[in-house]
Amino acid sequence: MPITYVIRFDILPAQRHRFMALLNGVLDAMRHEPMFHNAMLHADPGNENHVMLYETWEDHADVLEVQLKRPYREAWHAALPDLLASPRDISVWHPLRGDRAA
């Protein structure tokens, strides 16, 4: 069953460029994974350093056992403590319905 992760970040202002460069590399790589469905990155209109990422994958176990261990994620995960004002907030959701414009 697909699983969606909603991840909120509070980026240190001086680290925004580095945060985005590292995250863009991860997003660009993971879109080629066979279990990947989609991802969407949002910025708070009132504070560009508050960012929300949601990503949907086919299988939670695959994310935990395979995807999080991919080499392209290593630099990203190692850098997070230096990029964020506070730890990221991660929640897990099960999709119930999806709608797209016709």
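Residues numbered from 1 in each chain as written. Predicted model: local features only at pLDDT ≥ 70, side-chain atom pairs only at ≥ 80, totals over all residues. Heavy atoms only, no water.

### Here's the deal with the environment of L22
Rules: For the purposes of this entry, the term helix denotes a DSSP run of H or I that reaches at least four residues, the term strand denotes a run of E that reaches at least two, and both are numbered from the N terminus. In what follows, residue pairs with any heavy atoms lying within 4.5 Å of each other are defined as contacts.
As for its placement among the helices and strands, L22 is situated in helix α1 (residues 16-30). Placed 57 residues apart in sequence, L22 and A79 show a C-alpha to C-alpha distance of 8.6 Å. In contact with L22, other than residues within four places in its own chain, are A75, W76, A79 and L83.

### A look at the pairing of strand β1 (residues 3-10)
Every other side chain in a regular strand lies on the same face of the sheet, so the side chains alternate between the two faces. To keep things clear, this is the line we draw: Per-residue accessibility, obtained with a 1.4 Å probe over protein chains only, is compared with the maximum for each type, and a residue is labelled buried under 20%, exposed over 50%, and partly exposed between these values. For two strands to be treated as a pair, DSSP must find at least two bridges joining them.
Of all eight residues that make up β1, six are buried, and the element is covered over most of its length. By the bridge criterion, eight bridges tie β1 to strand β3 (residues 47-57) in an arrangement that is antiparallel. Looking at the pairing, V6 lines up with Y54 of β3. Note that β1 and strand β4 (residues 89-93) share five bridges and pair antiparallel. Bridge pairing in β4 links I7 to I90.

### Considerations on the side chain of R73
Note the following rule: Neither His nor the chain ends contribute to the count of charged residues, in which Lys and Arg are positive and Asp and Glu negative. Should a side-chain nitrogen of Lys or Arg be within 4 Å of a carboxyl oxygen of Asp or Glu, the pair is scored as a salt bridge.
For R73, the location among the structural elements is in the loop between α2 (60-65) and α3 (74-83). The buried charged residue R73 lacks any salt bridge, with E55 as its nearest oppositely charged partner at 4.0 Å.

### Description of the packing of aromatic side chains
Put simply, the rule is: Note on aromatic contacts: the rings of Phe and Tyr and the six-membered ring of Trp form a pair at centre separations within 6.5 Å, being stacked when their planes are under 30 degrees apart, edge-to-face when over 60 apart, and tilted otherwise.
Following the criterion strictly, the structure yields four aromatic pairs and no others. Consider the rings of F36 and W57, whose centres lie 5.2 Å apart with planes at 70 degrees: the pair is edge-to-face. Of this pair, F36 sits in strand β2 (residues 36-44) while W57 is found in strand β3, placing the two residues 21 residues apart along the sequence. On the accessibility criterion, W57 (0% relative accessible area) is buried. In textbook terms, an aromatic cluster arises when at least three aromatic residues are bridged by ring pairs, as seen for F9, F19 and W76.

### Considering α1
As a reminder of what qualifies: By this rule the span expected of a helix is its residue count minus one, scaled by 1.5 Å. The directions considered for the arc run from the helix axis to the C-beta atoms.
A rise of 1.5 Å per residue sets the reference length of α1, with its 15 residues, at 21 Å; its end C-alpha atoms lie 21 Å apart and thus fit the reference within 8%. Listed in full, the buried residues belonging to α1 are F19, L23, V26, L27 and M30. Within α1, the buried residues cover an arc of 95 degrees as seen down the axis, which keeps them to one side. Those residues of α1 that are buried lie in contact with β1, β2, β3 and α3.

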